[in-house]
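Topology and contacts: notes
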Amino acid sequence: MIDFLSLTYSKDEVQKAKRRKLIQSRDKEIIAPIPLNLFSTVKYFVSENEITSIFQSTVPSKKVAWLLIDRYFKYVHPFYPFLDQADIYKEFNRILGEKSYKEEKIQVKIEKRLDFARISLVCMILRMGKLTLYDNQNRPIIVDKSNPDYENVLYLLKTDPVDDKVTVLQQLALSPFNILSGYSYEAFEGMLHMKLIQQLAPEEGDVFDFSSTYSGLIYDMSFNLGLNRDPTKYPGFLNDKRMLNKYRKTWFSILQSDSIQGFMTIRPFPNDFERQDTKFPEFEGEENNNNFDIEIEKYSKLH
C-alpha cells in the first residue's frame, strides 16, 4: 500500500501527521475500566461525550447535591483534609451551575478535559456525603428536631437520591487520564478520594485497606507532584497560604496512612523521610483555612 503522505511531506512531517491522527482517534474512544453490567449505556470504549451524558443522568438535583457537598465538608473533610473548600466550591459552581438549594436539574458544563477529574470528585463527595446520613451499622442517623440540620437530614433520607453507582462513575470519569504517562493534580485528587471511598464505604466491609499497590501508587504520585518538598520552595505558593496549607495536610495525611498500613501489615514503610522537607501544617485562622467553618478547621485532623 502506497503511503501518500510520504510522497508529499518530509519524514518529520509524516510522523507528526500520523501522531495527530492517533491522538484524534484516542480522543474519540477512551477505555473505561468498568464492568458492563453496571451501566446499560456503557461500552468498553466510552467517549467523553458519553461520560458527560451518564453523569448528567446520574447526578441528583442542585438541592440534594449541594446539601451533600456541605455535609462532606462538615463531617468528612476535618478527618481527611485533602481539599480547599473555597477552591472546590468555585470549581463546582462552574461545572454544576451556581450553588442553589432549589429543586433544579443540574446542567453539567464541561470546558476542558480536566473537568472530568472534577466530575469524578463530585461523585465521591456525593457518595461520602450520603454516608454521613447513616451510622456505622448502616442505619439512618437520629437527629433531634432542635438540630438546625433536622429538616435537611429528613429530606435527604426520604429522597435517598444518590445511587452507589456513583462510585463506579468516579472511575469512569477518570478514564480519560492515563496516569502511567502523566497526570495532573486534579487527577491525583480523584485517585486519592477513590482510595478513601474504599476505606469508608460499607460495601467494602469493615477491613482496613491492605492494598500496598494502590497505596504505593498514591505515594508515588504525590512524590512526583512535589508534595514531599515544602510548598514555600515554589514561588507560586508564597502568597497563597490556603493552598500551601492544603498541600502540607495532604502530604502528611498520606504519610500517616502509609505508616498505619505498615504497622498493620508488618511491611516496611514506603516513606523516604530523608527526601522530604515539607513542614507540618499550621492553623492561622482565616489566612490559611481550608474549611469555611473556622472551628472545624481549628480542630481538624492535622492541626
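This write-up is about the structure you can find in this document. (Residues numbered from 1 in each chain as written. Predicted model: local features only at pLDDT ≥ 70, side-chain atom pairs only at ≥ 80, totals over all residues. Heavy atoms only, no water.)

**Examining the overall build of the chain**
Of the regular secondary structure elements, the chain holds 12 helices and 2 strands. Reading the chain from its N terminus to its C terminus gives the helix and strand order α-α-β-β-α-α-α-α-α-α-α-α-α-α. Here the chain holds 303 residues, and the buried ones make up 47% of them. For the chain, the exposed surface amounts to about 16,900 Å²; the carbon and sulfur share of it is 53%. (Helix = DSSP H or I, 4+ residues; strand = E, 2+ residues; numbered from the N terminus. Buried < 20%, exposed > 50% of the residue type's maximum accessible area, 1.4 Å probe, protein only. Areas by Shrake-Rupley, 256 points an atom, 1.4 Å probe, with all protein chains shown as cover.)

**Some points on a nonpolar patch on the surface**
A cluster of nonpolar side chains, Ile-260, Phe-263 and Met-264, forms an exposed patch at the surface whose accessible area comes to about 330 Å². Here Met-264 lies in helix α11 (residues 241–265). (Patch = residues over 30% accessible without salt bridge, like charges linked within 9 Å, V, L, I, M, F, W, Y side chains within 5 Å. Salt bridge = Lys/Arg side-chain N within 4 Å of Asp/Glu carboxyl O.)

**With respect to the packing of aromatic side chains**
Evaluated as defined, the whole model comprises 10 aromatic pairs. When the centroid spacing of 5.6 Å and the interplanar angle of 70° are considered together, the rings of Phe-73 and Tyr-89 count as edge-to-face. With Phe-73 in helix α4 (residues 62–76) and Tyr-89 in helix α5 (residues 85–96), this residue pair connects regions lying 16 residues apart in the sequence. Classification of Tyr-89 by relative accessible area gives buried; the value is 6%. Following the ring pairs from residue to residue traces out a cluster consisting of Trp-66, Tyr-72, Phe-73, Tyr-89 and Phe-292. Positioned over the ring face of Tyr-155 is Lys-63, at 4.0 Å from the centre of the ring. (Phe/Tyr/Trp six-rings, centres within 6.5 Å; stacked < 30°, edge-to-face > 60°. Lys NZ or Arg CZ within 6 Å of the ring centre and 35° of its normal.)

**A short note on the pattern of salt bridges**
Pairing between side chains of opposite charge can happen when their charged atoms approach one another. Under the criterion given, the structure shown has 20 salt bridges. A salt bridge links Lys-99 to Asp-70; the nearest nitrogen and oxygen atoms lie 3.5 Å apart. In this pair, Lys-99 is assigned in the loop between α5 and α6 (114–131) and Asp-70 in helix α4, connecting sequence segments 29 residues apart. Judged by relative accessible area, Asp-70 falls into the partly exposed class, the value being 22%. Where Glu-284 meets Lys-241, a salt bridge forms, and the shortest distance between an N and an O atom there is 3.4 Å. Here Glu-284, found in the loop between α11 and α12 (294–298), pairs with Lys-241, found in helix α11; they are 43 residues apart in sequence, far enough to count as distant.

**Notes on the nonpolar core**
Among the nonpolar cores identified, the biggest contains 69 residues, and Phe-55, Ile-69, Leu-83, Phe-92, Leu-96, Leu-126 and Phe-188 are the most heavily contacted of them. Element by element, the count of residues in this core is highest for α6, at 11 residues. (Core = buried A, V, L, I, M, F, W, Y, C linked by side-chain atoms within 4.5 Å.)

**Description of the packing of α4 against helix α7 (residues 150–159)**
At a minimum axis separation of 11 Å, α4 and α7 run at an interaxial angle of 120°. Taken together, the axes of α4 and α7 are oblique relative to one another. Viewed along their axes, α4 and α7 form a crossing whose handedness is left-handed. Here Lys-63, Val-64, Leu-67, Leu-68 and Arg-71 of α4 come into contact with α7, specifically with Asn-152, Val-153, Tyr-155, Leu-156 and Thr-159. Tallied by class, the residues present in the contact of α4 with α7 amount to 6 nonpolar, 2 polar and 2 charged. (Axes fitted to C-alpha atoms, helices over the stretch in contact; angles between N-to-C directions. Parallel < 35°, antiparallel > 145°, perpendicular 65-115°, else oblique. Left-handed = near helix turned anticlockwise from the far one by under 90°. Contact = heavy atoms within 4.5 Å. Nonpolar A, V, L, I, M, F, W, Y, C, P; charged D, E, K, R; others polar.)

**Section: the side chain of Ser-61**
Its location among the elements puts Ser-61 in the loop between α3 (48–58) and α4. Discounting residues that sit within four places of it in the chain, Ser-61 has contacts with Glu-103, Glu-104, Ile-106 and Tyr-155.

**What to know about the environment of Asn-136**
Position of Asn-136 among the secondary structure elements: in the loop between α6 and α7. Each C-alpha atom of the pair Asn-136 and Pro-202 lies 8.1 Å from the other, and the pair is 66 residues apart in sequence.

**Quick look at the side chain of Asn-228**
Structurally, the position occupied by Asn-228 is in the loop between α10 (212–224) and α11. Residue classification places Asn-228 among the buried positions, given a relative accessible area of 5%. In contact with Asn-228, not counting residues within four places along its chain, are Ser-222, Phe-223, Trp-251, Arg-275, Gln-276, Asp-277 and Thr-278.

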